[in-house]
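# Tertiary structure, described
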Amino acid sequence: MADRRQVLRIGAAAAAAPALAGTVAAPALAEARHGKAAPLVVGHRGASGYRPEHTLASYELAARMGADYMEPDLVITKDGVLVCRHEPEIGGTTDVASRPEFASRKKTVLLDGVSVTGWFTEDFTLAELKTLRATERIPAIRQRNTLYDGRFPVPTFQEVLDLRKRLSKELDRDLGVFPETKHPTYFQKLGLALEGPLVRTLRRNGLDRRGAKVFVQSFEAANLRELADRHRIQVPLVFLTGASGGPFGDTRSYADYLTPAGLKELNDFVDGLGPEKSQIIPRKADGTLGTPTSLVANAHRAGLKVIPYTFRAENSFLPAELRVGTDPAAYGKAIDEQVTFLKTGIDGLFTDNPDVGVLARTLI
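So, here is what we can say about the structure in this document. (Residues numbered from 1 in each chain as written. Predicted model: local features only at pLDDT ≥ 70, side-chain atom pairs only at ≥ 80, totals over all residues. Heavy atoms only, no water.)

### So, the packing of aromatic side chains
Under the defined criterion, the tally for this structure stands at twelve aromatic pairs. Aromatic side chains Phe-102 and Phe-124 sit 5.0 Å apart centroid to centroid with 65° between the ring planes, which places their arrangement in the edge-to-face category. You can see Phe-102 sitting in the loop between strand S6 (82-84) and strand S7 (107-111) and its partner Phe-124 sitting in the loop between strand S8 (114-118) and helix H3 (126-129), a full 22 residues away along the chain. Both residues of the pair, Phe-102 and Phe-124, count as buried. Cluster of aromatic residues (ring-pair linked, three or more members): Phe-219, Phe-239, Tyr-254, Tyr-257 and Tyr-309. Arg-105 extends its terminal NZ or CZ atom over the ring of Phe-124, reaching a point 5.1 Å from the ring centre. Lys-277 extends its terminal NZ or CZ atom over the ring of Phe-311, reaching a point 4.9 Å from the ring centre. (Phe/Tyr/Trp six-rings, centres within 6.5 Å; stacked < 30°, edge-to-face > 60°. Helix = DSSP H or I, 4+ residues; strand = E, 2+ residues; numbered from the N terminus. Buried < 20%, exposed > 50% of the residue type's maximum accessible area, 1.4 Å probe, protein only. Lys NZ or Arg CZ within 6 Å of the ring centre and 35° of its normal.)

### Observations concerning the side chain of Glu-122
By the secondary structure assignment, Glu-122 is in the loop between S8 and H3. The exposure class of Glu-122 is buried, given its relative accessible area of 6%. A polar side-chain atom of Glu-122 sits 2.4 Å from a polar atom in the side chain of Tyr-186. Excluding its chain neighbours within four sequence positions, the residues that come into contact with Glu-122 are Ile-76, Thr-77, Lys-78, Pro-88, Lys-107, Tyr-186, Phe-187, Leu-190 and Leu-192. (Polar contact = N/O pair within 3.5 Å; in protein donor to acceptor, adjacent residues only side chain to side chain. Contact = heavy atoms within 4.5 Å.)

### Re unusual backbone geometry
Across the junction of Tyr-309 and Thr-310, the peptide omega takes the value -20°, indicating a cis bond. Residue position: Thr-310 is located in the loop between strand S14 (305-306) and helix H11 (334-342). Despite not being glycine, Asp-172 has its phi angle at roughly 60°, a positive value. In this fold, Asp-172 is placed in the loop between helix H4 (157-171) and strand S9 (176-177). A relative accessible area of 69% places Asp-172 in the exposed class. In the Ramachandran plot, His-183 falls in the positive-phi region, its phi being about 50° despite a non-glycine side chain. The class for His-183 is buried, based on a relative accessible area of 16%.

Here you go:
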């Protein structure tokens, strides 16, 4: 743990990019303010506000907009290859439903206790998956992203690491990756555990080491314990939490983990928290922002960094006082929201609009 703790240095290269624009900006160093490292900007599923999520095009745009880290969600194929999708079910993020050759693979499963019907990565080899093309997951909100439907294949985790290496050289800054293990218990029960392939891939690429620009995150505490204790992973680990419920198969709730005693326990095997943003600043009954909680201060007191999710530009995702007009798909005052949250002392944020995050952190 001591080795991984030394890796956790929040403050990395970023670019000053025009907010709410799809243009590429020249990179510049993120500056520390008041002796504290600049907050991280994590490109959530890439620049998913501008391109279909979890595509190489989305990750690359995030990097060019100045994100410090690209965030791939990891699931696995039938032949054991890590690929980047939001969920094991791919009916909502690829064109698989329109492919008659795969019609018979539609099924219903219990995914962490929830009945889900669709097509699942564990039923496809990598070669089969590569014949599919990505589509926009929320087309009603991000209609412009549908321009790119059918253009991009599903990337492997290795392809994301190759992209990171190429862009780090081109942009002359060390880009990071922030992979999330998706539904690890589900895949373990299928005999397709994510942990081993993840650690092997990082080590094959020289990235499971002190100083590597990598964080590994999960909503399951047991998954992170296994990575720390059994696999002896050297990069920092981040425990994701929700505003309700708890990790699948865990007797404890997220709220219990976030008590002062729970945070102290988490410090034994993780380095940071990734809370849902309402756990930092909850919303009032009227949908406006309320008073910040003590979570940031409590986590920092326990030696944990705090990087909340997910910041988006559209009205439908913003607090009521920061919406502009009545169109749920229109952009609201996303910069103002991110500045407000950054002023709570968080150590970074996950955003679908990396250019907004890059600008917002210059304003605190």
